[in-house]
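Structural overview
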Amino acid sequence: MLFVLALLLLVGCSDQQWRTTDISEIMPALDFDLVNEDGVEVDETLYEDKATLLYFGYTHCPDICPITLAKMASAIRQLDTDAREHIQVLFISVDPRRDTIDVLRQYTDAFGPEFVGLTGSNADIDAVANRYRVTYGYGDEDASGNYNVTHTSAVFAFDQQGQAAFMIREGDTLKSIVADLNRLISL
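Anyway, here's the lowdown on the structure attached to this text. (Residues numbered from 1 in each chain as written. Predicted model: local features only at pLDDT ≥ 70, side-chain atom pairs only at ≥ 80, totals over all residues. Heavy atoms only, no water.)

Time to look at the pairing of strand 10 (residues 164-168). Regular strands place their side chains on alternate faces of the sheet. Buried residues dominate strand 10, accounting for five of its five residues. Pairing geometry for strand 1 (residues 21-22) and strand 10, over two bridges, is antiparallel. Bridging from a neighbouring strand, Asp-22 pairs with Phe-166 of strand 10. Count of turn residues in the strand 9 (residues 155-158)/strand 10 antiparallel hairpin: five residues, of which Gly-162 carries a positive phi of about 85°. (Buried < 20%, exposed > 50% of the residue type's maximum accessible area, 1.4 Å probe, protein only. Helix = DSSP H or I, 4+ residues; strand = E, 2+ residues; numbered from the N terminus. Pairing = 2+ DSSP bridges.)

What follows is the structure in structure tokens.
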């Protein structure tokens with residue numbers, strides 16, 4: 001009987017861990033001052049009361065950004081309809097020169113209504129990137145003025161109170177992401 005009780009306690013404990021990477025003890029709460037895809041100056045308080053996925057990227061990204069955002073959209077579509085109303089994805093552009101408000105809106109609309117584009121001055125974006133230990137850099141321009149931007153592919157998850165919860169990486173499975181999103185929404 002004691003063995004069964006101990007086993008049940010262990011199973012209960014494992015349920016409390018994220019399947020992705022726990023960042024609750026090492027990342028600060030959600031905090032930013034940027035401009036949304038409607039041209040409105042916003043901060044994190046506008047996005048309270050919903051679980052938030054935060055991603056840094058750019059709309060001209062040839063691979064990592066669209067793949068990552070499509071994976072987040074797929075995970076969100078696997079949630080119950082009610083659960084979808086309690087989650088949002090904030091896409092912070094690290095390329096404000098090319099990612100105008102209209103470009104951001106068109107880009108995020110392609111992934112779903114839960115996606116919101118954010119931009120700002122380089123100093124504003126740097127402040128947020130530094131807060132979450134995100135680095136990015138610009139490549140050389142080609143003859144047409146195009147360039148790549150190197151950036152992290154991690155997605156940071158925050159609970160409905162804006163507290164850091166977990167981080168999603170490229171190798172995390174859709175099943176793990178969906179499980180963690182369901183748990184995040186239920187907190």
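The subject of this paragraph is the pattern of salt bridges. With the rule as written, the count across this model stands at five salt bridges. Where Arg-98 meets Asp-95, a salt bridge forms, and the shortest distance between an N and an O atom there is 2.6 Å. You'll find Arg-98 and Asp-95 in the same group, each marked buried. Where Glu-141 meets Arg-97, a salt bridge forms, and the shortest distance between an N and an O atom there is 3.0 Å. Of the two residues, Glu-141 sits in the loop between strand 7 (136-138) and strand 8 (149-151) while Arg-97 sits in the loop between strand 5 (87-93) and helix 4 (101-109), which places them 44 residues apart along the sequence. (Salt bridge = Lys/Arg side-chain N within 4 Å of Asp/Glu carboxyl O.)

For the rest of this paragraph, the subject is the sheet that holds strand 5. The strands making up a sheet are joined through hydrogen bonds of the backbone, oriented either antiparallel or parallel. Read across the open sheet, the eight strands follow the order 1-10-9-4-5-6-2-3; overall the sheet is mixed. One side of each edge strand has no neighbouring strand; the edge strands of this open sheet are strand 1 and strand 3 (41-43). Both strand 2 (residues 33-36) and strand 3 contribute to a ladder of three bridges, which runs antiparallel. Residue pairing across strands places Leu-34 opposite Val-42, the latter belonging to strand 3. Of the strands in this sheet, strand 4 (51-57), strand 5, strand 6 (115-119), strand 9 and strand 10 are in contact with helix 2 (residues 64-77), which crosses strand 4 at around 165°. Where helix 6 (residues 174-186) meets the sheet, its contacts fall on strand 4, strand 5, strand 9 and strand 10, and the angle it forms with strand 10 comes to roughly 165°. (Contact = heavy atoms within 4.5 Å. Axes fitted to C-alpha atoms, helices over the stretch in contact; angles between N-to-C directions.)

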